[in-house]
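Analysis of the macromolecular model
Chain by chain, the residues run as shown.
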Amino acid sequence: EIRKLTFSGCVSLSSIDMPKVTKIGLLAFTQCVSLSSIDMPEVTEIEGGAFLGCTSLSSITMPKVTKIGEQAFDHTKVPEATKQGSQVLPLLRF
């Protein structure tokens, strides 16, 4: 698990490859403006605002996601369909 606010504001973080993480906490990566790609194949839950304001984020691989919190991908380049808080599409692969 990546806990609440863990990497918030890490402006030099450009990619994430964490094969064993299963949950991303509230605002965990918010405002990581250089973050462009994520590869977390075991993640099943993304809490609210987890990637809020990651303006460069456009590539995501999280095929096991079943829940995405509110505003998890707001102000990113992630397609609109994944931004809504709900039970989700197991197709987070962009």
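Relevant structure appears above.
A few points on the structure. Every value quoted in this text rests on a predicted model; they were computed, and no experiment measured them.

About the cut-offs
Residues numbered from 1 in each chain as written. Predicted model: local features only at pLDDT ≥ 70, side-chain atom pairs only at ≥ 80, totals over all residues. Heavy atoms only, no water. Helix = DSSP H or I, 4+ residues; strand = E, 2+ residues; numbered from the N terminus. Buried < 20%, exposed > 50% of the residue type's maximum accessible area, 1.4 Å probe, protein only. Polar contact = N/O pair within 3.5 Å; in protein donor to acceptor, adjacent residues only side chain to side chain.

Digging into the overall build of the chain
Across its full length, the chain carries 0 helices and 8 strands. Secondary structure elements of the chain, listed N to C terminal, follow the sequence β-β-β-β-β-β-β-β.

Observations concerning the side chain of Thr76
Note on placement: Thr76 falls in the loop between β6 (67-68) and β7 (86-87). Under the relative-accessibility criterion, Thr76 is labelled buried at 12%. In terms of polar contacts, Thr76 uses its side chain to reach the backbone carbonyl oxygen of Phe73, at 2.6 Å. At a separation of 3.1 Å, a polar atom in the side chain of Thr76 contacts the main-chain amide nitrogen of Val78.

Some remarks on the environment of Thr30
Counting through the fold element by element, Thr30 comes out in the loop between β2 (23-24) and β3 (37-39). On the basis of relative accessible area, Thr30 is assigned to the buried category, the value being 8%. In the structure, Thr30 is positioned 43 residues away from Phe73 in sequence and 9.2 Å away in space, judged by C-alpha atoms.

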